[in-house]
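In case you want the letters, here they are:
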Amino acid sequence: VTDSAGSVEFEGAKSISSTESSILEIIDSHVRPNLNLDGGDVEYRGYCDQTKVVRLRLVGSCVGCPSSTATLHFTIRNLLTHMIEEVEGVEQVFDEEDFVGDGSNWTG
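Each chain carries its own residue numbering, running from 1 in the direction its sequence is written. Since the coordinates come from a predicted model, pLDDT governs what is reported: local features require at least 70, and pairs of side-chain atoms require 80 or more to be given and counted, while whole-chain, interface and lining totals use all residues. The side-chain numbers reported here are obtained from all heavy atoms of the structure, hydrogens and water having been left aside.

1. So, the layout of surface pockets
For the record, the criterion: Definitions used for this entry: grid spacing 1 Å over protein atoms alone; cavity, a set of points where a 1.4 Å probe fits but cannot get out; pocket, an open set with protein on both sides within 12 Å along at least 5 of 7 lines; lining residue, one with an atom within 4 Å of a point. Grid points are joined across faces, edges and corners, and a volume is the space filled by probe spheres set on the points. In DSSP terms, a helix is any run of H or I states spanning at least four residues, a strand is any run of E spanning at least two, and both are numbered starting from the N terminus. Residue polarity is assigned by list, with Asp, Glu, Lys and Arg as charged and Ala, Val, Leu, Ile, Met, Phe, Trp, Tyr, Cys and Pro as nonpolar; anything else, Gly included, falls into the polar class.
Within this model, the largest pocket holds a volume of roughly 210 Å³. Forming the walls of the largest pocket are 14 residues, and the residues nearest its centre are Asn34, Leu35, Asp38, Cys62 and Thr71. Put simply, the parts of the chain that give the lining of the largest pocket at least two residues each are α1 (18-37) and α2 (68-83). Take the lining of the largest pocket: its biggest share by element is five residues, from α2. For the lining of the largest pocket, a count of residues per class yields six nonpolar, seven polar and one charged.

The following block contains the structure:
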């Protein structure tokens, strides 16, 4: 359901903007299938209208993969910024479980 502001609403969930809807569609159709081929995945963590940055967390085999930074910053960022005019960047976010040992060495 789309409201007058162009937001998409899902029953029982917060409404998302049309930009976020486009981001999720591209992640599901282009990004996720390729990451899944290698045992990885991506979690959408949000989009900021002010900074125009998409926040993502890489999971599965992407955690600790030497290519994950390049995948995020070149492949995913380039795809999203090319396909969605409102997106200007991508930021990787981490959860506590993404850190190893004493937390001084992160795996992303």
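Anyway, onward from the coordinates.
2. With respect to α2
Inclusion rule: A helix's residues, less one, multiplied by 1.5 Å, set its expected span. We define the bend at any residue as the angle between the axes fitted to the seven residues before and including it, ending there, and the seven starting there. To sort residues, take the accessible area from a 1.4 Å probe on protein chains only and compare it with the maximum for the residue type: under 20% means buried, over 50% means exposed, and anything in between is partly exposed. In this description, contact between two residues means that some pair of their heavy atoms is separated by no more than 4.5 Å.
Between its terminal C-alpha atoms α2 stretches 21 Å, which fits the 22 Å expected from 16 residues at 1.5 Å a residue. Along α2, the helix axis deviates most sharply at Arg77, where the bend reaches about 30°. Of the residues making up α2, those classed as buried are Ser68, Leu72, Ile76 and Leu80. Where α2 is buried, its residues contact α1, β2 (53-60) and β3 (89-92).

3. Brief notes about the confidence of the model for the protein chain
Spelled out, the test is: Per residue, pLDDT measures the predictor's confidence, with a range of 0 to 100.
In this model, the protein chain carries a mean pLDDT of 83, and residues with pLDDT of at least 70 account for 78%. Counting interchain partners and residues more than four positions distant, the pLDDT-below-50 stretch residues 1-12 has 18 contacts. Contacts for the low-pLDDT stretch residues 103-108, under 50 throughout, to residues beyond four places or in other chains number 13 contacts.

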